[in-house]
Amino acid sequence: MISGGSVKTLHDNFMKGWSVSKNEPCLGHRPVGADGKAGPYVWQTYDQVKTRMENFGSGMMHLDLAPASHDPEAEGMRFIGFYAKNCEEWVIAAQACNKFGVVVVPLYDTLGATAVKYVVNQTQLSTIICSGAEVPTVLDVASQCRCLLNVVVMSTADPAADKKWRSQYEAKPQHHLYIRQFAEIEEAGEANPADAPEIDASAVATFCYTSGTTGDPKGAMLTHDNIVTDMLAAISTGVNTRQNDVHISYLPLAHMFERIVQEALFHNGARIGFYQGDTTKLLNDIGALHPTIFPSVPRLVRAAAPTAPQPAGVLRSHLSSPVALVLCARSSTRSTTKSWPVRWPVASRRCCSRRRWPRRWMAFAKAIWSTPCGTNWCSPRSASASALTGAA
């Protein structure tokens, strides 16, 4: 049996991390200078993130950005859309939704207008939170989504993207659409603090949609209990985070793999640094951040170093040691698809689990870490593994 103690909801989980890391770094990004070069990571503490989360949540409720649905099947749920690459404000707004009982509806930042329109109309979203780069797509579909009333634009360091959507809006204004800045919501919440309701673990926390590459996106409803249990199961089988862990966030937050990894980090008050939004710059971000946890999929290795003859070796050279690799392994047949996340302690040159792993994944691990696949495997409770994973 997996037990999270006092952690029953996603907000409980964040508060557990806050309780041990109040003045420690929580979320970080790299500011881009006038010369176009990214500087070192700058951090917000858990206390600062908690304050911003509470302000955004209060502002969201005060401005009625997530009204209760009138659809009988929705049973009064409140929804808000997320349409952006990974960033601090994505996580802050999502944590606000977790606290105030609003269902997070993520849209992949790669979705086109047709898929965006479909999800907005199916969930009857009244508000989408997005970056400046995604606003033009939202404006394109706004006239076909009469339920959509608000667009909340995250702060951005991309003046060209801001200029593009502002020009588009001025040329063809959507009079039913109210465009607000993220900071406006925080200011409204600071001036009008709201009490959060009691959230039950069985309440729906998010809709997880497919990417829409094979027809209309398909959505699955996941409760707080679903996600917390998944996170605790991952921790109990090897993805055991520590307070001093550092994670680089680049896999899309619209996918549950990245969100569960982040929840595992929040669980013990670890820190999360965001990439610049461009996978071709990921190696540079890794070099600046020195992550101790690196979630990945094989395709990313080629994307991160597209011109390198041995991209796996290039990626490995940029990572810290010791570092834990968390892989989402997938083995597909016509009838089933199964995934196994696992944390591999690199410094011990051994993997935590061998059971049921496809041969191609063993080869992938060997390519990156020179892991002696097929020999010297260890269980999560062996001495070498526990030194890195924190297993008992």
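The structure under discussion appears in the preceding block.
All of these numbers come straight from a predicted model, not from anything done at the bench.

Let us now look at the packing of aromatic side chains. Counted under the stated rule, the structure contains 9 aromatic pairs. Centre to centre, the rings of Phe82 and Trp90 are 4.6 Å apart; their planes meet at 45°, and the pair counts as tilted. Of the two residues, Phe82 and Trp90, neither departs from the other in class, the shared state being buried. We note Arg180 situated over the ring of Tyr178; from NZ or CZ to the ring centre the distance is 3.9 Å. The positively charged end of Arg271 is found above the aromatic ring belonging to Trp43, 5.2 Å away from the centroid.

This paragraph deals with the side chain of Asn55. Within the fold, Asn55 resides in helix H2 (residues 46–62). Among all residues touching Asn55, those that are not within four sequence positions of it are Ile185, Glu186, Gly189 and Glu190.

On to helix H10 (residues 282–289). Buried residues of H10: Leu282, Leu283, Asp285, Ile286 and Leu289, and no others. Buried positions in H10, seen along its axis, are confined to an arc of 160° and lie on one side of it. Immediately downstream of H10, the backbone of His290 shows phi near 55°, a positive value.

This part covers empty space enclosed by the protein. In total, this model carries 4 cavities of 30 Å³ or more according to the counting rule given. When its volume is computed, the largest cavity comes out at roughly 130 Å³. Elements that contribute at least two residues to the lining of the largest cavity include exactly helix H3 (88–100) and helix H9 (256–267). Here the lining of the largest cavity gets 5 residues from one element, more than from any other, and that element is H3. When the residues that make up the lining of the largest cavity are grouped by side-chain class, the tally is 8 nonpolar, 3 polar and 2 charged. Looking at the second largest cavity, its volume works out to about 50 Å³. Looking at the second largest cavity, the residues that line it are Ala84, Asn86, Trp90, Leu107, Tyr108, Asp109, Pro252, Leu253 and Ala254. Its residues assigned to classes, the lining of the second largest cavity shows 7 nonpolar, 1 polar and 1 charged.

Quick look at the pattern of salt bridges now. All told, the structure shown has 5 salt bridges when counted by the stated rule. In this structure, Glu54 engages Lys50 in a salt bridge whose closest nitrogen and oxygen atoms are separated by 2.9 Å. Of this pair, Glu54 and Lys50 are both found in helix H2, 4 residues apart, which corresponds to roughly one turn of the helix. Among the ionic contacts, a cluster of salt bridges with common partners joins Arg52, Glu89 and Glu186.

A few words now on the packing of helix H1 (residues 10–20) against H2. Between H1 and H2, the shortest axis-to-axis distance is 10 Å and the interhelical angle comes to 145°. The two elements H1 and H2 cross, and the hand of that crossing is left-handed. The segment H1 lies against H2, with His11, Phe14, Met15, Gly17 and Trp18 engaging Tyr46, Asp47, Val49, Lys50 and Met53. Among the residues making up the contact of H1 with H2, the classes are represented as 6 nonpolar, 2 polar and 2 charged.

Right, let's talk about the pairing of strand S1 (residues 25–29) for a bit. Taking burial as the measure, the 5 residues of S1 include 4 buried ones, the bulk of the element. Examined bridge by bridge, S1 and strand S2 (residues 42–45) share 4 bridges and lie antiparallel to one another. Each residue of the ladder has a partner; that of Pro25, found in S2, is Thr45. Relative to strand S11 (residues 271–274), S1 is paired through 2 bridges, and the arrangement is parallel.

Before going further, it helps to spend a moment on unusual backbone geometry. One non-glycine residue, Asp64, lies in the positive phi region at around 55°. Among the secondary structure elements, Asp64 is positioned in the loop between H2 and strand S3 (78–83). The backbone of Glu75 sits at a positive phi, close to 50°, despite the residue not being glycine. With respect to the secondary-structure elements, Glu75 resides in the loop between H2 and S3. You can call Glu75 exposed: its relative accessible area is 71%.

This paragraph deals with helix H8 (residues 224–236). Taking 1.5 Å as the rise per residue, H8 with 13 residues should run 18 Å; its terminal C-alpha atoms sit 18 Å apart, in good agreement. Residues His224, Ile227, Val228, Met231, Leu232, Ala234 and Ile235 constitute the buried set of H8. Axial view of H8: buried residues confined to an arc of 155°, hence all on one face. At its buried positions, H8 is contacted by H1, H3, strand S8 (204–209), strand S9 (219–223) and H9.

Within the largest apolar cluster, 49 residues are counted, with the highest numbers of intra-cluster contacts made by Leu27, Phe56, Phe82 and Ile129. Among the elements that take part in this core, H3 stands out by supplying 8 residues, more than any other. In contact with Leu27, other than residues within four places in its own chain, are Val42, Trp43, Gln44, Val49, Glu88, Val91, Ile92, Phe266, Ile272 and Phe274. If you look at the next biggest cluster of nonpolar residues, it comprises 33 residues, including Tyr83, Val105, Leu111 and Val135.

Rules behind the numbers
Residues numbered from 1 in each chain as written. Predicted model: local features only at pLDDT ≥ 70, side-chain atom pairs only at ≥ 80, totals over all residues. Heavy atoms only, no water. Phe/Tyr/Trp six-rings, centres within 6.5 Å; stacked < 30°, edge-to-face > 60°. Buried < 20%, exposed > 50% of the residue type's maximum accessible area, 1.4 Å probe, protein only. Lys NZ or Arg CZ within 6 Å of the ring centre and 35° of its normal. Helix = DSSP H or I, 4+ residues; strand = E, 2+ residues; numbered from the N terminus. Contact = heavy atoms within 4.5 Å. Arc of directions from axis to C-beta. 1 Å grid on protein atoms, 1.4 Å probe; cavity = no way out; pocket = protein on both sides within 12 Å on 5 of 7 lines; lining within 4 Å. Points joined across faces, edges and corners; volume = space filled by probe spheres on them. Nonpolar A, V, L, I, M, F, W, Y, C, P; charged D, E, K, R; others polar. Salt bridge = Lys/Arg side-chain N within 4 Å of Asp/Glu carboxyl O. Axes fitted to C-alpha atoms, helices over the stretch in contact; angles between N-to-C directions. Left-handed = near helix turned anticlockwise from the far one by under 90°. Pairing = 2+ DSSP bridges. Expected span 1.5 Å × (residues − 1). Core = buried A, V, L, I, M, F, W, Y, C linked by side-chain atoms within 4.5 Å.

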